[in-house]
Amino acid sequence: NAGVTQTPKFQVLKTGQSMTLQCAQDMNHNSMYWYRQDPGMGLRLIYYSASEGTTDKGEVPNGYNVSRLNKREFSLRLESAAPSQTSVYFCASSDVPGKGFGPGTRLTVL
Amino acid sequence: QKEVEQDPGPLSVPEGAIVSLNCTYSNSAFQYFMWYRQYSRKGPELLMYTYSSGNKEDGRFTAQVDKSSKYISLFIRDSQPSDSATYLCAIPGVSSNTGKLIFGQGTTLQVKP
């Protein structure tokens, strides 16, 4: 039982490049989330998926797209990376009231 | 005004001290309150959650909610160096039934041996 896994752990991109962050959970949760964490800002919700086949915007969705591939997997895509997207990205899955968070992806956009 | 506010610290205490971590919130309709612990370069982990007002104790940790003041606290007794981490309060949004959380900025705690 691995919980929530994320790949990659680290990534460096140049401005304008694209990439997809992968997330998978083995807890059979319906809801999954993508957050970003920046110094002094706490965790902010980018997108979430309440169930397989549905996705909704969170607090800071601009510049991102998501795909809920199946119940286990929820990916986050940056189509044209910008320096403002330098952050640590966390995926989480939910079994209310708590959430399991993944270990994070540290992304730097130059 | 942010919906959840938390002093980012840092907070430095000697081993064995009692630590008090606090958050304020703006919406009186909030019912669930959570505390997460995040070690450096790791994901947050759920430490405790409480429903409505009152205290909840788990070992050396006590979560307290004062709904009249819109104030939540986490107390750590007999603090240990292993408690050094960032502590985040979190509250589920009222208008959502999807489990979205609103996080405070996090307070960084250092417990010195």
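Refer to the preceding data block for the structure.
Residues numbered from 1 in each chain as written. Chains lettered and ligands numbered in written order. Predicted model: local features only at pLDDT ≥ 70, side-chain atom pairs only at ≥ 80, totals over all residues. Heavy atoms only, no water.

1. Regarding the overall build of chain B
As a reminder of what qualifies: Numbering of helices and strands runs from the N terminus; a helix is a DSSP stretch of H or I covering at least four residues, while a strand is a stretch of E covering at least two. Put simply, the radius of gyration uses C-alpha atoms, and a globule should come to 2.2 Å times the residue count raised to 0.38.
Across its full length, chain B holds 0 helices and 11 strands. Helices and strands in chain B line up, N terminus first, as β-β-β-β-β-β-β-β-β-β-β. Taken against the 2.2 N^0.38 rule, which gives 13 Å for 113 residues, the C-alpha radius of gyration of chain B at 14 Å falls within 12% of a compact globule. Counting only C-alpha atoms and orienting by the principal axes, one finds that chain B spans roughly 45 × 30 × 25 Å.

2. Overview of the nonpolar core
Definition in use: Buried residues of nine kinds, namely Ala, Val, Leu, Ile, Met, Phe, Trp, Tyr and Cys, make up a nonpolar core once their side-chain atoms join them within 4.5 Å. Under the scheme applied here, a residue whose accessible area is under 20% of the maximum for its type counts as buried, over 50% as exposed, and between as partly exposed, the area being computed with a 1.4 Å probe on protein chains only.
If you look at the biggest cluster of nonpolar residues, it comprises 24 residues, and the most contacted ones within it are Trp35, Ile72, Leu74 and Tyr87 of chain B. Judged by nonpolar contacts, the second largest core, of 20 residues, contains Leu13, Trp34, Tyr47 and Ala81 of chain A.

3. Details of the state of the cysteines
Residue and element names in this part refer to chain B. Where we set the bar: Working definition: a disulfide is two cysteine sulfur atoms within 2.5 Å of each other.
Within this structure, the stated rule accounts for 2 disulfides over all chains. For Cys23, the disulfide goes to Cys89, at an S-S distance of 1.9 Å. Negative torsions about the S-S bond denote left-handed disulfides, and the value of about -100° found for Cys23 with Cys89 makes this one left-handed. Here the residue Cys23 occupies a position in strand S3 (residues 19-25), and Cys89 occupies one in strand S9 (residues 85-92), the gap between them amounting to 66 residues. Of the two residues, Cys23 and Cys89, neither departs from the other in class, the shared state being buried.

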